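Report on the structure
One-letter residues, chain by chain:
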Amino acid sequence: MSDVVIVGGGAAGLMAAIFAGRAGARVTVLEVSNACGLKILVSGGGRCNVLPGASDPSDFFTTGSRNVLKRLFRTWPLDDVRTFFEADLAIALKEETASGKLFPASNSAKEVRDRLVGAAQSAGVTLLTRHRVRGIDHLEDGFRLRVRADGEDIELPATRVVLAAGGQSLPKTGSDGSGFALAAATDHALVDRYPALVPLRSPDAELRALTGLAAPVRWRALAGGKTRETRERPLLFTHRGFSGPAALDASHWVVREGATLRVAWAAMDAAAWEFALEAESRKRIDVLLGDFLPNRLVELLLRRANIPGHLRVTQMHPKQRRRLIPLLADFELPTDGDEGYKKAEVTGGGVGLGEVNPSTLESRSSPGLYVCGELFDTIGRMGGYNFLWAWVTGRLAGESAAASLR
Ligand SMILES: Cc1cc2nc3c(=O)[nH]c(=O)nc-3n(C[C@H](O)[C@H](O)[C@H](O)COP(=O)(O)OP(=O)(O)OC[C@H]3O[C@@H](n4cnc5c(N)ncnc54)[C@H](O)[C@@H]3O)c2cc1C
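Small disclaimer: the values here were computed from a predicted structure and weren't measured. (Residues numbered from 1 in each chain as written. Predicted model: local features only at pLDDT ≥ 70, side-chain atom pairs only at ≥ 80, totals over all residues. Heavy atoms only, no water.)

**Things to note about the sheet that holds strand β5 (residues 93-95)**
Strand pairing in a sheet relies on backbone hydrogen bonds, with the paired strands running either antiparallel or parallel. Pairing is antiparallel in the open sheet, where three strands are placed in the order β3-β6-β5. The strands lining the two open edges of the sheet, one partner per strand, are β3 (51-52) and β5. (Pairing = 2+ DSSP bridges. Helix = DSSP H or I, 4+ residues; strand = E, 2+ residues; numbered from the N terminus.)

**A closer look at the pairing of strand β2 (residues 27-30)**
Judged by which residues are buried, β2 turns out to be covered on both faces: Val-27 and Val-29 on one side and Thr-28 and Leu-30 on the other are all buried. With four bridges connecting them, strand β1 (residues 2-7) and β2 associate as parallel partners. Within the sheet, the bridge partner assigned to Val-7 lies in β2 and is Leu-30. A crossover connection joins β1 to the parallel β2 through helix α1 (residues 11-22); in handedness this β-α-β unit is right-handed. Pairing analysis gives three bridges linking β2 to strand β7 (residues 126-128), with the strands arranged parallel. Counted as the bridge partner of Leu-30 is Leu-128 from β7. (Buried < 20%, exposed > 50% of the residue type's maximum accessible area, 1.4 Å probe, protein only. Right-handed = clockwise from strand over helix to strand, strands pointing away.)

**Looking at a positive patch on the surface**
Residues Arg-66, Lys-70, Arg-71, Arg-74 and Arg-364 make up a contiguous surface patch of positive charge. Inspection of the secondary structure assignment puts Arg-364 in the loop between β18 (346-351) and β19 (369-371). Note on Arg-364: relative accessible area 54%, which makes it exposed. (Patch = residues over 30% accessible without salt bridge, like charges linked within 9 Å, V, L, I, M, F, W, Y side chains within 5 Å. Areas by Shrake-Rupley, 256 points an atom, 1.4 Å probe, with all protein chains shown as cover. Salt bridge = Lys/Arg side-chain N within 4 Å of Asp/Glu carboxyl O. Lys, Arg positive; Asp, Glu negative; His and termini not counted. Charge placed at Lys NZ, Arg CZ, Asp CG, Glu CD.)

**Section: the environment of Phe-143**
Examined against the element boundaries, Phe-143 turns out to sit in strand β9 (residues 142-149). For the pair formed by Phe-143 and Leu-261, sequence separation is 118 residues and the distance between their alpha carbons is 47 Å.

**Looking at the packing of α1 against helix α13 (residues 385-403)**
One way to put it is that α1 packs onto α13 with a least axis distance of 7 Å and a crossing angle of 35°. Between α1 and α13 the crossing geometry is right-handed. Contact with α1, carried on its side by Ala-11, Ala-12, Met-15, Ala-16, Phe-19 and Ala-20, involves Phe-387, Ala-390, Trp-391, Gly-394, Arg-395, Gly-398, Glu-399 and Ala-402 of α13 and no other residues of that element. The class makeup of the residues in the contact of α1 with α13 is 10 nonpolar, two polar and two charged. (Axes fitted to C-alpha atoms, helices over the stretch in contact; angles between N-to-C directions. Left-handed = near helix turned anticlockwise from the far one by under 90°. Contact = heavy atoms within 4.5 Å. Nonpolar A, V, L, I, M, F, W, Y, C, P; charged D, E, K, R; others polar.)

**Some details on the environment of Leu-369**
In this structure, Leu-369 sits in strand β19. In this structure the C-alpha to C-alpha distance between Leu-369 and Arg-322, which are 47 residues apart in sequence, comes to 61 Å. Beyond its immediate chain neighbours, meaning those up to four positions away, Leu-369 contacts Ile-136, Phe-143, Val-161, Leu-163, Thr-186, His-188, Leu-361, Glu-362 and Ser-363.

**Description of helix α3 (residues 66-74)**
Every buried residue belonging to α3 is among Val-68, Leu-69, Leu-72 and Phe-73, and all of these are buried. Axial view of α3: buried residues confined to an arc of 135°, hence all on one face. Of the exposed residues in α3, those oriented more than 90 degrees away from the buried face are Asn-67 and Arg-74. Residue Ser-65 occupies the N-cap position of α3, its side-chain oxygen lying 3.1 Å from the main-chain nitrogen of Asn-67. (Arc of directions from axis to C-beta. Polar contact = N/O pair within 3.5 Å; in protein donor to acceptor, adjacent residues only side chain to side chain.)

**Brief notes about the nonpolar core**
Residues Phe-85, Leu-116, Leu-145 and Trp-391 are the most contacted members of the largest nonpolar core, which totals 80 residues. In this view, Trp-391 contacts Ala-11, Met-15, Ile-40, Val-50, Leu-51, Trp-76, Val-81, Phe-85 and Leu-116; residues no more than four positions away in its chain are not counted. Leu-235, Ala-276, Leu-297 and Ile-307 belong to the second largest nonpolar core, which has 55 residues in total. (Core = buried A, V, L, I, M, F, W, Y, C linked by side-chain atoms within 4.5 Å.)

**Some words on the domain arrangement of the protein chain**
The assigned domain composition of the protein chain is domain 1 (2-194 + 346-403) and domain 2 (200-333). Using only C-alpha atoms to locate each centre, domain 1 and domain 2 end up separated by 39 Å. Facing eight residues of domain 1, the contacting portion of domain 2 comprises 10 residues. Both sides together, the interface formed by domain 1 and domain 2 hides about 810 Å², and carbon and sulfur atoms give 65% of it. Together, Tyr-194, Arg-381 and Met-382 form the three largest contributors to the area buried by domain 1 at its contact with domain 2, with a combined 62%. Counting the contacts that link domain 1 with domain 2 gives one salt bridge. Its salt-bridge partner being Asp-59, residue Arg-231 comes within 3.8 Å of it at the nearest N-O pair. One can count two residue pairs in polar contact (both at pLDDT 80 or more) joining domain 1 with domain 2. The class makeup of the residues in the side of domain 1 that touches domain 2 is four nonpolar, two polar and two charged. (Domains from an automatic or database assignment. Buried area = accessible area lost by both parts, 1.4 Å probe.)

In structure tokens:
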């Protein structure tokens, strides 16, 4: 019998396994896929953005308590997580200057996955792949897991269970949402789920025709008459709508809150555009705008402002200028949906933070069961924040489960 059975061998589950194993527990990981950490392998375009260079609770979104978030991050500060990867797992990390993201110097997500698996094995953890957990029964003295393994139904006992089955984005990696069903069946209240960090669809054919173009923007999400968030990030046009860090980061406001997205092109507000026009008033307007934005986008903006590109700034009528400035500084990106879980990087919603003890991540409704990772109603923005969440909560769940046995 295992002391601790971990459901899911992804980012959070492997971290939980390492720390539970190192704390002396007999640990088994049950992973439905052929191998552990398949999502790590595809992360960051195969390079794995392991961590952000800096982090703050405002980089995360939850409908739960922000105090709980802060408390959880204090259990394993970012610098210490980084040291764990560099010193303990011996993965050299490099910071990408422009984005501040941390990647393995080898640019290999496989290195990250393999080192985590190796560390779990060195801590004595048993990793069982092709094991799908279909049910968890809470018994008086522990748990019984109902498992489908290689075409057979088996039952496995456990003293403690760590639920680390991930969300439901990119289901072909194994995280198909069954973790939410397991959480609900063990009496956890779930916050409504939705695809997050997801490309957005647009009904505007002219904007979709800009597919492949990228432009720097300051985006803001407006809901209920208020700006809910604003950030500076690149926006990418796709044949379906919008992607890139700006659209992905803003997507949860659109998908969850029905927010409207507005952008300031080149991240310049109205005053900055006015200043740019004044500073180079003898230039052709298309040439001037082309100094800041891709030409095809400039053509579209001038067409919508009904201004011929060959006009010099000084030749523009005040009315034309009044039409142009809002298009440059406060352009609405029309959206009519998202690209769903197949394209989403993470799942928003899930197990509410209030469902667990924030000091240990032990479930309040099923004592002896611990929750971690993407299953929670917490998402981070692009840039290594979602792995940071998985590492921090995975470690805490694994360590707490092992400590509770003593
Ligand atoms: C394309 C893509 C790229 C990404 N890139 C980055 C990045 O560069 N940086 C970053 O910070 N985040 C990135 N993310 C997000 C990040 O991968 C996740 O937030 C993170 O993997 C969540 O960790 P987790 O352990 O909670 O879930 P997962 O890593 O999804 O692991 C859950 C595991 O549980 C297994 N499982 C599920 N159900 C069962 C069951 N019933 N029985 C047994 N096993 C089960 C799954 O097979 C899976 O292996 C990316 C996501 C995607 C989709």
